[in-house]
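Residue-level structural notes
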Amino acid sequence: MTAHLVRILDRVTRVRGVRGAMLVAAEDGLVIAESLMEGVRGNALAALAAALAGRLGRAAAATGVGSATFVHLEAARGALLLVPAGQGVLLVTITDAGVNLGLARLEMLRAVAEVA
Amino acid sequence: MSLVNFTTREITCKIVYYGPGRSGKTTNLQYIYGRVPEERRGRMVSLATQTDRTLFFDFLPLELGSISGFATRFQLYTVPGQVYYNATRKLVLQGADGVVFVGDSQARQLDENLESLQNLQANLLEHGIDVREVPYVLQYNKQDLPRDLILTPQELDDQLNFRAVPSYGAAAVTGQGVFETLRAVSERVLRKLSEGAPA
Amino acid sequence: MRRARVIEPWLREPLERFLGETGARLALLMTPAGQVLAQYGFVRAVDVMAAAALGAGIAASTGELARMLEERSFRALNHQSPRHGIFLAQFDSPRGALLALVVYGPDSSIGLVQLFFEELVGDLAQAAPPASRDAPALAADFERDLNGSLATLFR
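Let me begin by describing the structure that accompanies this report. As the structure is a prediction and not an experimental result, all values here were calculated from the model.

It is worth spelling out the overall build of chain B at this point. Of regular secondary structure, chain B possesses 5 helices and 8 strands. In chain B, the order of α-helices and β-strands from amino to carboxyl end is β-β-α-β-β-β-α-β-α-β-α-β-α. For a compact globule of 199 residues, the expected C-alpha radius of gyration is about 16 Å, and chain B comes in at 16 Å, within 12% of that figure. Its C-alpha atoms put chain B at 55 × 35 × 30 Å along the principal axes. In chain B, buried positions account for 52% of the 199 residues. Across chain B, the fraction of contacts at a sequence separation of at least 24, relative to all contacts at a separation of at least 6, is 69%. Here chain B displays about 9,700 Å² of accessible surface, and carbon together with sulfur accounts for 50% of that area. With 21 positive and 22 negative side-chain charges, chain B shows a spacing of 4 Å between the two charge centroids.

Let us now look at the interface of chain C and chain B. A common way to report how large an interface is uses the accessible area buried once the components associate. Residue-level contacts link 20 residues of chain C with 13 residues of chain B. Linking chain C with chain B are 1 salt bridge. Here Glu64 of chain C makes a salt bridge to Arg43 of chain B, at a shortest N to O gap of 2.6 Å. Summed over the shared surface of chain C and chain B, the number is 3 residue pairs in polar contact (both at pLDDT 80 or more). Listing elements by their share of the side of chain C that touches chain B, those giving two or more residues are helix 2 (45-68) and helix 4 (142-153) of chain C. No other element matches helix 2 of chain C, which puts 12 residues into the side of chain C that touches chain B.

A few words on the environment of Val92 of chain A. Residues and elements named next belong to chain A. Along the chain, Val92 falls in strand 5 (residues 89-96). Taking the C-alpha atoms as reference points, Val92 and Gly102, separated by 10 residues in sequence, lie 15 Å from one another. Those residues in contact with Val92, other than ones at most four positions away along the chain, are Gly20, Ala21, Met22, Val24, Leu45, Ala49, Leu80, Leu81 and Leu82.

Moving on, we get to the packing of helix 2 (residues 42-63) of chain A against helix 3 (residues 110-127) of chain C. Following both chains from N to C, one finds helix 2 of chain A and helix 3 of chain C inclined at 130 degrees, their axes separated by 8 Å at the closest point. Here helix 2 of chain A lies oblique to helix 3 of chain C, going by the angle between them. The element helix 2 of chain A and its partner helix 3 of chain C pack so that their crossing is left-handed. Together, Ala44, Ala47, Leu48 and Ala51 of chain A of helix 2 of chain A and Gly111, Leu112, Leu115 and Phe116 of chain C of helix 3 of chain C make up the contact between the two elements.

The interface is formed by 11 residues belonging to chain A together with 9 residues belonging to chain C. Of the roughly 700 Å² buried at the junction of chain A and chain C (both faces included), carbon and sulfur atoms supply 63%. At the junction of chain A and chain C, the tally comes to 0 salt bridges. Seen at the junction of chain A and chain C, the total is 3 residue pairs in polar contact (both at pLDDT 80 or more). Tallying contributions element by element places helix 2 of chain A first for the side of chain A that touches chain C, with 6 residues. Here the side of chain A that touches chain C is composed, by residue class, of 5 nonpolar, 1 polar and 5 charged.

Parameters at a glance
Residues numbered from 1 in each chain as written. Chains lettered and ligands numbered in written order. Predicted model: local features only at pLDDT ≥ 70, side-chain atom pairs only at ≥ 80, totals over all residues. Heavy atoms only, no water. Helix = DSSP H or I, 4+ residues; strand = E, 2+ residues; numbered from the N terminus. Rg over C-alpha atoms; globule rule 2.2 N^0.38 Å. Buried < 20%, exposed > 50% of the residue type's maximum accessible area, 1.4 Å probe, protein only. Contact = heavy atoms within 4.5 Å. Areas by Shrake-Rupley, 256 points an atom, 1.4 Å probe, with all protein chains shown as cover. Lys, Arg positive; Asp, Glu negative; His and termini not counted. Charge placed at Lys NZ, Arg CZ, Asp CG, Glu CD. Salt bridge = Lys/Arg side-chain N within 4 Å of Asp/Glu carboxyl O. Polar contact = N/O pair within 3.5 Å; in protein donor to acceptor, adjacent residues only side chain to side chain. Axes fitted to C-alpha atoms, helices over the stretch in contact; angles between N-to-C directions. Parallel < 35°, antiparallel > 145°, perpendicular 65-115°, else oblique. Left-handed = near helix turned anticlockwise from the far one by under 90°. Buried area = accessible area lost by both parts, 1.4 Å probe. Nonpolar A, V, L, I, M, F, W, Y, C, P; charged D, E, K, R; others polar.

Note that all results are geometric; they support no functional claim without further evidence.
Structural data, given as structure tokens:
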């Protein structure tokens, strides 16, 4: 089963500039499946991304704009992208600075549809 | 509570050795383990600290053989005696069919003995076990120590044996009184079981 | 944030860093015998004693189970209930083997606790002063030190 999930993640990681993608159990912050380049700390990323998604989700709910559907955290040397995949699963992508954001987002949404 | 399986014709009873810290509860089990033939006993499990004080419990399963056509097993447990471990002591006491109170015969330990007896009563109460009904014997351990340091079994009876249950002087380290105590509590447990059994 | 209570000062910073990152509700650092070195979140001494004794008992039980199965002992246990998680882990420190018991709520996660637990172990290793000749690293006379410790933890 994990191999199937990794194949789905590979669609995202094929996008130039994407350094890794993972499916994370949102409540536990644990890795379900991952496709990561060397040097990306999967466990840490899973735990922190899940915590962040949780906080942002609550913030979004509090503002009355509805639940988060796509999160983009832009940083100095890249970006962190989050998409809830339903059923307590989160798709997390980490990218370089030069990534085609629109393409990455598109592939993430397609991947999430396949996971559901 | 005794487990009686009428299909497989097996009885399993739980006996808990209770008492203050360092009174000799573990020593009782170690002696029994050393003397009972291998085919009549299982592994002895001891969950202890680095300084060999019981942390959670000691456990020794014994096969008594067939009694009234039932394969009878006893599970002997000890509890940690130090006051600190009351939470775990309470857990181990759950489901006890019989209790052996191992008292320390040293005169200076009398208060500890009393405190432990009160603690036993309180914990039994919490488990809904009537302290007047539960099969129970007293062991006054360390009777091998110098006379001027210890109380006699009679003196200890006066101080500790409120229910006039069978009591035995012992020196667990040499084995004195260990099997007598075990036999007495086993007898009381099985008698109670047979009294409660359906006709 | 309420401060952690510690028996020795070097424990404070690593533990408070861990608590800040994980948002844990309760935490105990203790010896395998259940002697508490630091606590956070407990209000009553009796609750600390019970939690420490039970945690130490669980660790001892699973250690024994591992031995029976001829496995190396379990590093960490996690118990999950609808509202809370309980994390219990053994680790080596310059002061010998220690146990950490952590209770966390829905605003944290096992992933976060595990992640920052590894950092806590590293931080404690760095922060521990060398064991002095006079002070026993882990007190042998449990009962005497217990009362002193409890007083400190609940001052």
